[in-house]
Amino acid sequence: MYSKTFAIALREIKSVFDSLTGYVLASGFLLITGLFTWFFGSHIFLVNRASLDAFFNSAFLTLFFFIPAITMKAVSEEKKTGTLELIFTKSVREIDFILGKYFGVTAVILIMLLLTIPYAVTLYAIGNPDTGTLISGYSGTVLISLVFGAIGIFCGTFSNNQVTSYLLSLLAGVFFIVIFESLGGLV
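Worth saying up front: this structure is predicted, and the values here are computed from it rather than measured. (Residues numbered from 1 in each chain as written. Predicted model: local features only at pLDDT ≥ 70, side-chain atom pairs only at ≥ 80, totals over all residues. Heavy atoms only, no water.)

Visitor: Just checking my understanding: could you explain the overall build of the protein chain for this structure?
Guide: A tally of regular secondary structure across the protein chain gives 9 helices and 0 strands. Helices and strands in the protein chain line up, N terminus first, as α-α-α-α-α-α-α-α-α. In terms of its C-alpha atoms, the protein chain occupies a principal-axis envelope of roughly 60 × 35 × 25 Å. Buried residues in the protein chain amount to 40% of all 187 residues. Look at the contacts in the protein chain between residues 6 or more apart in sequence, and 78% of them connect residues 24 or more apart. By element, 72% of the accessible surface of the protein chain is carried by carbon and sulfur atoms, the whole surface being about 10300 Å². (Helix = DSSP H or I, 4+ residues; strand = E, 2+ residues; numbered from the N terminus. Buried < 20%, exposed > 50% of the residue type's maximum accessible area, 1.4 Å probe, protein only. Contact = heavy atoms within 4.5 Å. Areas by Shrake-Rupley, 256 points an atom, 1.4 Å probe, with all protein chains shown as cover.)

Visitor: How do you make sense of the pattern of salt bridges when you look at a structure like this?
Guide: Oppositely charged side chains can form a pair if their charged atoms are brought close together. A full pass over the atoms with the stated rule returns 2 salt bridges. Between Lys101 and Glu12 there is a salt bridge; the shortest N-O distance is 2.8 Å. In this pair, Lys101 sits in helix H6 (residues 94–114) while Glu12 sits in helix H1 (residues 2–18), placing the two residues 89 residues apart along the sequence. The partner of Asp96 in a salt bridge is Arg93, with the nearest N and O atoms 3.4 Å apart. Residue Asp96 is classed as buried on the basis of its relative accessible area of 2%. (Salt bridge = Lys/Arg side-chain N within 4 Å of Asp/Glu carboxyl O.)

Visitor: Whenever I open this one, the nonpolar core confuses me. Can you help?
Guide: Side chains of nonpolar character tend, in soluble globular proteins, to be buried together. With 37 residues, the main nonpolar core has Phe29, Leu52, Phe55, Ile70, Phe97 and Met112 as its most contacted residues. Here the element with the most residues in this core is helix H3 (residues 53–71); it accounts for 9 residues. The contacts of Leu52, once residues within four sequence positions are left out, are Thr37, Tyr119, Ala120, Leu123, Leu134 and Tyr138. (Core = buried A, V, L, I, M, F, W, Y, C linked by side-chain atoms within 4.5 Å.)

Visitor: How do you make sense of the packing of aromatic side chains when you look at a structure like this?
Guide: Any two aromatic rings considered together are summarised by their centre-to-centre distance and by the angle between their planes. Going through the model one piece at a time under the given rule, you end up with 12 aromatic pairs. Between Phe60 and Phe148 the ring centres are 5.9 Å apart and the planes differ by 45°, which places this aromatic pair in the tilted class. Highlighted residues: Phe60 in helix H3 and Phe148 in helix H8 (residues 131–156), separated in sequence by 88 residues. With 6.3 Å between their ring centres and 20° between their planes, Phe176 and Phe180 make a pair best called stacked. One end of the pair is Phe176 and the other is Phe180, both in helix H9 (residues 162–184) and 4 residues apart, which spans about a single turn. Classification of Phe176 as partly exposed rests on a relative accessible area of 35%. Grouped by ring-pair contacts, the aromatic residues Phe55, Phe56, Tyr119 and Tyr138 constitute a single cluster. (Phe/Tyr/Trp six-rings, centres within 6.5 Å; stacked < 30°, edge-to-face > 60°.)

Visitor: Got a minute to help me understand the packing of helix H2 (residues 20–40) against H3 in this structure?
Guide: Working note: a packed helix pair is described by the angle between its axes plus the distance between those axes. Where H2 contacts H3, the axes come no closer than 9 Å and their chain directions differ by 160°. With respect to each other, H2 and H3 are oriented roughly antiparallel. H3 is crossed by H2, and the crossing has right-handed handedness. Contacts from Leu25, Gly28, Phe29, Ile32, Thr33, Phe36 and Thr37 in H2 reach Ala54, Phe55, Ser58, Ala59, Thr62, Leu63, Phe66, Ala69 and Ile70 in H3. Across the contact of H2 with H3, the residue classes tally to 11 nonpolar, 5 polar and no charged. (Axes fitted to C-alpha atoms, helices over the stretch in contact; angles between N-to-C directions. Parallel < 35°, antiparallel > 145°, perpendicular 65-115°, else oblique. Left-handed = near helix turned anticlockwise from the far one by under 90°. Nonpolar A, V, L, I, M, F, W, Y, C, P; charged D, E, K, R; others polar.)

Visitor: Is there a simple way to think about the environment of Leu115 in this case?
Guide: You can see Leu115 is positioned in the loop between H6 and helix H7 (117–126). Since its relative accessible area comes to 42%, Leu115 is described here as partly exposed. It is 9.8 Å that separates the C-alpha atoms of Leu115 and Ser27, two residues lying 88 residues apart in sequence.

Visitor: Whenever I open this one, the side chain of Ser145 confuses me. Can you help?
Guide: Its location among the elements puts Ser145 in helix H8. What makes Ser145 buried here is its relative accessible area of 1%. Setting aside anything within four residues of it in sequence, one finds Ser145 in contact with Leu63, Ile67, Ile109 and Leu113.

Below, the structure is given as structure tokens:
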């Protein structure tokens with residue numbers, strides 16, 4: 001079981017980074033979050049406060065749009081090209097396939113987030129940030145990314161078309177954000 005899941009996860013990671021898509025998304029993520037963290041969003045050098053709040057806010061919005069782009073071809077491309085049937089003839093169970101796709105997408109997302117660790121290192125070099133805030137901010141970003149990844153994989157199973165999968169993922173993400181924001185006001 002585990003070797004098949006792991007093999008599918010590795011195949012998914014390779015498929016993202018074999019094309020230009022993975023590199024463009026990772027570079028775009030770093031560019032957008034870097035600009036909003038250091039220049040546009042926080043004025044970190046002017047307020048004399050070592051915080052990555054602007055990064056976490058911009059990362060949430062950026063990942064909201066980028067994760068569906070990563071997940072849109074995970075399942076829908078397999079269905080479109082017919083390799084899904086070939087995979088299932090190799091005695092791969094559906095749970096192994098879905099978990100492999102999910103773990104592969106999760107690894108890509110975690111790689112993108114690991115590339116932002118120099119932001120925190122720089123923050124420690126220029127000030128005295130609250131370590132608990134950084135840890136909880138990164139933990140929350142990882143958890144919401146895992147949710148967006150699961151939504152993207154789920155929505156990718158409904159269509160053979162990547163654009164349709166992307167739009168379904170965005171709509172589902174908006175739906176859950178609206179629901180949880182409205183519930184958050186009740187607490």
